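Structural overview for review
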Amino acid sequence: MLEISLSHRLPALDLDVDFTAPEGVTALFGPSGAGKTTVVNAVAGLLRPDRGRIVVNGEVLLDTEAGICLPPHKRRIGYVFQDARLFPHLSVKSNLLYGQRFNSSKTAPEFDRIIEMLGLGALLDRRPAALSGGEKSRVALGRAILSNPRMLLMDEPLAALDAARKAEILPYIERLRDEVKLPILYVSHAPAEVARLATSIALIETGRLRGFGPAREILSDPTLAPALGQREAGAVISGRVQEQEDDGLTRIETAGGPVLLPYPAGQPGQSLRLRIHAGDVTLAVGRPEGLSALNILPVTVAELRPAGPPSVYARLKMGDEHLLARLTTRSVEALGLTEGMVCHAIIKAMSVASEDVG
Amino acid sequence: MSWLSPSDWQAVVLSLKVAGWATLLSLPPGLFVAYALARWRFPGRSLVNGLVHLPLILPPVVTGYLLLIGFAPNGIIGAALARIGITVAFSWRGAALAAGIMAFPLMVRAIRLAIEAVDPKLEQAASTLGASRIASFATITLPLILPGILAGSITAFAKAMGEFGATITFVSNIPGQTQTLPLAIYSQLQVPGREAEAARLVVISVTLALGALLVSEWLARRIAARIAGQS
């Protein structure tokens, strides 16, 4: 549990946020300059806010009213910087073990396990200058974890990497979330990363909290969709791989029924997240016939929210999960869509990108 | 070395001793002042910066005279030192002090440049890993600025070896006590017919200076290579 309440005035920003993050990955999401890095720097102790209170798992790190402000080295908060910040004069191994020099407790994370998990075994004797961008990110991640922190801060750890390297690192962060179970505060302005990793989302705009809640709810909230960006808005649903079919399609069981994807998405039985862009969802009032799209899911219109002409965001309920669809006002009127109406959501298999599945 | 007279030897040994102590004693305060100027924003920073550079811009005679006033047995600092049994005026210690003060700005400049080249974000990263300020300085910044410290020390040493004006003003020109190489050369030149002796001392000066430079270049390359991880 991480309680954050901050107010801080910078020349270009007036920050005032207040939220309590539960277990798992909490994504601080918002455009550049919204104040996300200011928040994590305050948690790390690298910035002293004008007013605020920060409590991690019951331990007060900052309370300006009570005059408490622990220095960074006493906070035990691992920080993975965007620019890695490896120590250039130390080997990868010495970088990884740097935090343990100052760690008095006996409960240090197991070195071998973290090295294996992050695939660092072959890099230990190298210097940071001889590492690729993706390798540097992994070493930075390992260094932060091995300092035995109570939580991790990650400030756009993937922003400097290309798509291939991102795809290389994401599974490691997922394993961190699922296996090490460290609370993580994850700064990003990339919705794909957030959809893939976040348990909760804090949506920040110009220093204010626009929305906070479980990732599924925030991503399928039609009122917040414009803030995510028209091209990027889209809900996340969970699924389980059923089988790999002979024609190359993968069948995935979801709350709304089976969904077919045009590429291998994992072993049968594996759980994964599917991010469905709001612009890729088509609605039909009756069950459509003679359509090329493979995925037709029965849904209920839970909420219709105009997002300025000519578009409307619709939250669609299927089982206990939601889809988000972006429609024109004209289609909503032509179909006579109202809240509570039962209809069909159509998702073209080919429109779901592989980076949105994992 | 038979071509060196005992008095020549005396001057060489004294010069090395004076310059060595001058460098050694100005290193810790030089490191501190350089760090403060590079990393801290504090009121009076420009004033400190100006004071540090003062010996560089003042005529050396003036620096020597100010030292004389301060450190003479009846001067403010001199009297205090005399009470604990240390005399500075007209001794090799005074020569080391004068040389150290003249070399101080060069030392600070070199180290400050090196510190400014180290990304302060690395120290931040160290602090999030549990290192206190002192620990992150000792484990991150200090190893990274070693070439700068070395360069500063060598320049300071060379400056101290060559220091003339402040030394002769402050501690005079006493053979065996305060007569360093430059002062010895100057003394020889005052006496008609001693050009050969002066030339010998000049050759020694040039050799020592060049030798120090070569050694420092070699050391700096080795340290830089070690930091970059190529050795």
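What counts and how
Residues numbered from 1 in each chain as written. Chains lettered and ligands numbered in written order. Predicted model: local features only at pLDDT ≥ 70, side-chain atom pairs only at ≥ 80, totals over all residues. Heavy atoms only, no water. UniProt positions renumbered as here; feature names shortened; annotations may be inferred. Pairing = 2+ DSSP bridges. Helix = DSSP H or I, 4+ residues; strand = E, 2+ residues; numbered from the N terminus. Axes fitted to C-alpha atoms, helices over the stretch in contact; angles between N-to-C directions. Buried < 20%, exposed > 50% of the residue type's maximum accessible area, 1.4 Å probe, protein only. Right-handed = clockwise from strand over helix to strand, strands pointing away. Contact = heavy atoms within 4.5 Å. Buried area = accessible area lost by both parts, 1.4 Å probe. Salt bridge = Lys/Arg side-chain N within 4 Å of Asp/Glu carboxyl O. Polar contact = N/O pair within 3.5 Å; in protein donor to acceptor, adjacent residues only side chain to side chain. Nonpolar A, V, L, I, M, F, W, Y, C, P; charged D, E, K, R; others polar. Phe/Tyr/Trp six-rings, centres within 6.5 Å; stacked < 30°, edge-to-face > 60°. Lys NZ or Arg CZ within 6 Å of the ring centre and 35° of its normal. Parallel < 35°, antiparallel > 145°, perpendicular 65-115°, else oblique. Left-handed = near helix turned anticlockwise from the far one by under 90°. Core = buried A, V, L, I, M, F, W, Y, C linked by side-chain atoms within 4.5 Å. Domains from an automatic or database assignment.

Looking up chain B in an unreviewed UniProt entry gives the name Molybdenum transport system permease, with the organism given as Thioclava sediminum. Turning to chain B, the UniProt record has this under Sequence similarities (unreviewed entry): "Belongs to the binding-protein-dependent transport system permease family. CysTW subfamily." If you open the UniProt record of chain B and go to Function (unreviewed entry), you find "Part of the binding-protein-dependent transport system for molybdenum; probably responsible for the translocation of the substrate across the membrane."

1. Here's the deal with the sheet that holds strand β13 (residues 250-254) of chain A
All names here are of chain A. Across the sheet, four strands lie side by side as β14-β13-β12-β15; this open sheet has antiparallel pairing. The sheet terminates laterally at β14 (257-261) and β15 (271-277), the two strands that pair on one side only. Strand-to-strand, the axes of this sheet are offset by a mean angle of 45°, without reference to chain direction. In the sheet, strand β12 (residues 234-244) pairs with β15 via seven bridges, with the strands oriented antiparallel. Bridging from a neighbouring strand, Ser238 pairs with Arg273 of β15.

2. Description of the pairing of strand β8 (residues 151-155) of chain A
All names here are of chain A. Judged by how many residues are buried, β8 sits mostly within the fold: five of five residues are covered. Residues of β8 alternate between two faces, with Met151, Leu153 and Asp155 on one and Leu152 and Met154 on the opposite face, all of them buried. Across four bridges, the pairing between strand β7 (residues 77-80) and β8 is parallel. Residue pairing in the sheet places Ile77 in a bridge with Met151 of β8. Both β8 and strand β9 (residues 184-188) contribute to a ladder of four bridges, which runs parallel. Following the sheet pairing, Asp155 is matched in β9 by Val187. One crossover worth recording links β8 to the parallel β9 by way of helix α5 (residues 163-180), and it is right-handed.

3. A short note on the UniProt feature "transmembrane region" (unreviewed entry) in chain B
Residues and elements named next belong to chain B. If you check UniProt for "transmembrane region" (unreviewed entry), the listed places come out as residues 20-38, 50-72, 92-115, 135-158 and 198-220 in our numbering. Secondary structure content for residues 20-38 is 100% helix and 0% strand, while the C-alpha to C-alpha distance between its ends is 26 Å. Split by type, residues 198-220 is 100% helix and 0% strand. Its first and last C-alpha atoms lie 33 Å apart.

4. Concerning the interface of chain B and chain A
Across the boundary between the two partners, chain B contributes 21 residues, which contact 21 residues of chain A. Around 1,800 Å² of area is buried between chain B and chain A when both sides are counted, 64% of it from carbon and sulfur atoms. A per-residue breakdown of the area chain B buries against chain A is headed by B:Leu122, B:Thr128 and B:Leu129, which together make up 34% of the total. There are one salt bridge connecting chain B and chain A. Of the charged contacts in the structure, one is a salt bridge between B:Lys121 and A:Asp83, with a shortest N-O distance of 3.9 Å. Summed over the shared surface of chain B and chain A, the result is five residue pairs in polar contact (both at pLDDT 80 or more). Breaking the side of chain B that touches chain A down by element, the ones donating at least two residues are α6 (120-128), α7 (133-162) and α10 (195-228) of chain B. Among the elements that make up the side of chain B that touches chain A, the one with the highest residue count is α6(B) (seven residues). Of the residues belonging to the side of chain B that touches chain A, the class tally is eleven nonpolar, eight polar and two charged.

5. Considerations on the packing of aromatic side chains
Here the distance between the centres and the angle between the planes together describe a pair of aromatic rings. This model, assessed by the stated rule, comprises ten aromatic pairs over all chains. Between A:Tyr79 and A:Phe81, the aromatic rings sit 4.0 Å apart at their centres with planes inclined by 15°, giving stacked as the arrangement. Per residue, the accessibility class of A:Tyr79 equals that of A:Phe81, and both read buried. Considering the side-chain rings of B:Phe32 and B:Trp40, the 5.8 Å spacing of their centres and the 75° angle between planes classify their relative orientation as edge-to-face. On the basis of relative accessible area, B:Trp40 is assigned to the partly exposed category, the value being 31%. Members of the aromatic cluster, connected to one another through ring pairs, are B:Phe32, B:Tyr35, B:Trp40 and B:Phe137. Directly above the aromatic system of A:Phe81 lies the positively charged group of A:Arg85, at a separation of 3.8 Å from the ring centroid. Taking the ring centre of B:Trp92 as reference, the NZ or CZ of B:Lys17 above it sits at 4.3 Å.

6. Topic: the packing of helix α4 (residues 133-146) of chain A against α5(A)
Residues and elements named next belong to chain A. At a closest axis distance of 9 Å, the pairing of α4 and α5 adopts a crossing angle of 15°. The angle between the axes of α4 and α5 places the two elements in the roughly parallel class. Helix-helix and strand crossings are classified by hand; for α4 and α5 the assignment is right-handed. Side by side, α4 and α5 meet where Gly134, Ser137, Arg138, Leu141 and Ile145 of the first sit next to Arg165, Glu168, Ile169, Tyr172, Ile173 and Leu176 of the second.

7. A few points about the nonpolar core
Counting 63 residues, the largest nonpolar core has A:Leu28, A:Phe87, A:Leu153 and A:Leu185 as the members making the most contacts within it. Apart from the residues lying within four places of it in its own chain, the contact partners of A:Phe87 are A:Asn95, A:Tyr98, A:Pro128, A:Arg143, B:Leu122, B:Ala125, B:Ala126, B:Leu129 and B:Ile140. Core analysis: the next-biggest nonpolar cluster, separate from the first, contains 34 residues, A:Leu170, A:Tyr172, A:Ile173 and A:Leu197 among them.

8. Observations regarding the domain arrangement of chain A
Reports of interface size often rely on the accessible area that becomes lost once the parts have come together. Residue and element names in this part refer to chain A. Split by domain assignment, chain A resolves into domain 1 (2-219) and domain 2 (234-356). Its C-alpha centre places domain 1 at a distance of 33 Å from the equivalent point of domain 2. Domain 1 puts twelve residues into the contact, and the matching count from domain 2 is twelve residues. Summed over both partners, the interface of domain 1 with domain 2 comes to about 870 Å²; 41% of that surface belongs to carbon and sulfur atoms. Here domain 1 and domain 2 share one salt bridge between them. In this structure, Arg216 and Glu321 form a salt bridge, with 2.7 Å as the shortest nitrogen-oxygen distance. The interface formed by domain 1 and domain 2 holds six residue pairs in polar contact (both at pLDDT 80 or more) in total. Among the secondary structure elements, those contributing two or more residues to the side of domain 1 that touches domain 2 are α6 (191-197) and α7 (215-219). Take the side of domain 1 that touches domain 2: its biggest share by element is six residues, from α6.

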